[in-house]
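Examination of the molecular architecture
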Amino acid sequence: MLTLSIAALAATAVLGQDKGSVDPKPLPPLANPRDPNLGAKELFGRKISPAPLATHSIGFYAKGCLAGAQALPISGETWQVRRLSRNRNWAHPDMVALPERLSAKAHEVAGWPGLLVGDMSQPRGGPMLTGHASHQVGLDADIWLTPMPNRQLSRNEREEMSASNMVRSDRLDIDPAVWTPSHLLVIRAAAQEPRVERIFVNAAIKKALCREAKGDRSWLAKVRPKPAKTAVTMSARMIMRIAERPAIVSRHR
């Protein structure tokens, strides 16, 4: 139903999409890991495996960590993970299950071959060396608004391929040459997931959703525009956030 070539994706690439590396170099060891002045991101960014503990999200979305994380498999029938070199396809098991479930819905309701999944969390959550302030407790996930190609992507494509910019150059509305009714169907399916608390998008995308949504519009309350400072990088993706539950998140103050 919807086919996008790699060339077409590159032609409408979004500024701010950091490409990965097919040959990532390990970070050098820290001279003094116990240095009290060392940033937490330096420690969490070097962990390549989850904490061998019971699953537990600790803290808050933008200030916390994650124990007992699970990895989203890098490929499924209706999803593929991008930027594998980042090792950010870890999350709480409830979040891992969500892209698997939503990708099947995207195939069913929108005719997409599947979803391209971006950053979730690091193996132990926590702050990242680059990128997000959130995504620290395993309850956030980036979903690219470019449909998954109807084939297996190579490792190089997963690192280098850019997503399509949904937003017009003046940033006031969506680009009608790229945005389609199927995008609304996918975002609506995500927002209608009972466990989803928020969907973050570019303000121009929220504007289009409010204009184009028909029938039951209650799901729009979950879709929130991101602030202007992050709007450019949000013009090609949405962030899904699942709700906190006492069994999932504990806060230590």
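Residues numbered from 1 in each chain as written. Predicted model: local features only at pLDDT ≥ 70, side-chain atom pairs only at ≥ 80, totals over all residues. Heavy atoms only, no water.

Here's the deal with the pairing of strand 11 (residues 237–242)
As a general feature of sheets, a regular strand has side chains that alternate between the two faces. Here is the rule: For every residue, the accessible area obtained with a 1.4 Å probe (protein chains only) is divided by the maximum for its type, and the residue is called buried under 20%, exposed over 50%, and partly exposed between those limits. Strands are runs of DSSP state E lasting at least 2 residues, helices are runs of H or I lasting at least 4, and numbering of each runs from the N terminus. Two strands pair under a simple rule: DSSP has to find at least two bridges between them.
The buried fraction of strand 11 is high, at 6 of 6 residues. Of the two faces of strand 11, the one holding Arg237, Ile239 and Arg241 and the one holding Met238, Met240 and Ile242 are both buried throughout. With 5 bridges joining them, strand 8 (residues 140–144) and strand 11 adopt antiparallel strand pairing. Within strand 11, the residue paired with Trp144 across the bridge is Arg237. As paired elements, strand 9 (residues 196–201) and strand 11 share 4 bridges and run antiparallel to each other. The residue of strand 11 that forms the bridge with Arg198 is Arg241.

Remarks on the packing of helix 3 (residues 93–110) against helix 5 (residues 181–191)
Rules: With axes taken as lines fitted to C-alpha atoms, and helix axes fitted only over the stretch in contact, angles between N-to-C directions fall between 0 and 180 degrees. By the definition adopted for this analysis, an angle is roughly parallel if under 35 degrees, roughly antiparallel if over 145, roughly perpendicular if from 65 to 115, and oblique otherwise. Left-handed describes a crossing whose near helix is turned anticlockwise from the far helix through less than a right angle; right-handed describes the clockwise counterpart. Any two residues whose heavy atoms approach within 4.5 Å at even a single point are treated as in contact. When residue character is reported, Ala, Val, Leu, Ile, Met, Phe, Trp, Tyr, Cys and Pro are called nonpolar, Asp, Glu, Lys and Arg charged, and the others, Gly included, polar.
Where helix 3 meets helix 5, the closest approach of the two axes is 9 Å, and the angle between their N-to-C directions is 140 degrees. With respect to their mutual orientation, helix 3 and helix 5 come out oblique. For helix 3 against helix 5, the interelement crossing comes out right-handed. Taken together, the residues of helix 5 that come into contact with helix 3 (itself represented by Leu102, Ala106, Val109 and Ala110) are Ser182, Leu185, Val186, Ala189 and Ala190. Each residue belonging to the contact of helix 3 with helix 5 can be placed in one class, and the counts come to 8 nonpolar, 1 polar and no charged.

Describing unusual backbone geometry
If you check the backbone angles, Arg83 has positive phi at about 50 degrees while not being a glycine. Even without being glycine, Arg171 reaches a positive phi, approximately 65 degrees. Along the chain, the position of Arg171 falls in the loop between helix 4 (155–160) and helix 5.

Topic: the confidence of the model for the chain
We count it as follows: A residue's pLDDT is the confidence the predictor assigns to it, expressed on a 0 to 100 scale.
Chain-level statistics for the chain give a pLDDT mean of 87 and a share of 85% at 70 or above. For residues 1–17, every residue scores under 50 in pLDDT, and the model assigns this stretch 37 contacts once sequence neighbours within four places are set aside.

Overview of the sheet that holds strand 4 (residues 75–76)
Here we have 7 strands laid out as an open sheet, ordered 4-5-7-8-11-9-10, and mixed in their pairing. With partners counted over all chains shown, the strands left at the sheet margins are strand 4 and strand 10 (223–225), one partner each. Each of strand 5 (79–81), strand 7 (115–117), strand 8, strand 9 and strand 11 touches helix 3; the most contacted strand, strand 11, lies at about 130 degrees to it. On top of the sheet, helix 6 (residues 203–212) reaches strand 9 and strand 10; it is set at about 135 degrees to strand 10, its chief contact.

Some remarks on the environment of Gln152
As for its position among the elements, Gln152 is in the loop between strand 8 and helix 4. Of the residues examined, Gln152 reaches a relative accessible area of 51% and is grouped as exposed. Between the C-alpha atom of Gln152 and that of Gln80, which follows or precedes it by 72 residues, the distance is 8.0 Å.

Let's talk about helix 3
Given 3.6 residues per helical turn, the α-helix brings residues three or four places apart onto the same face. Which entries qualify depends on this criterion: By definition here, a helix of n residues has an expected span of 1.5 Å times n minus one. In this description, the arc belongs to the directions extending from the helix axis to the C-beta atoms.
End to end, helix 3 covers 26 Å across 18 residues, agreeing with the expected 26 Å (1.5 Å per residue, within 8%). Residues of helix 3 that are buried: Met95, Val96, Leu98, Pro99, Leu102, Ser103, Ala106 and Ala110. Projected down its long axis, helix 3 shows its buried positions confined to an angular sector of 150 degrees, all on one face. Residue Gly111 follows helix 3 closely and has a positive phi angle near 75 degrees.

With respect to the side chain of Ser235
Counting through the fold element by element, Ser235 comes out in the loop between strand 10 and strand 11. For Ser235, a relative accessible area of 3% gives the class buried.

Considerations on the pairing of strand 2 (residues 63–67)
Summarising the sheet, strand 1 (residues 56–60) and strand 2 pair through 5 bridges and their orientation is antiparallel. Directly across from Ser57, in strand 2, lies its bridge partner Leu66. In this structure, the hairpin formed by strand 1 and strand 2 is closed by a connection of 2 residues.

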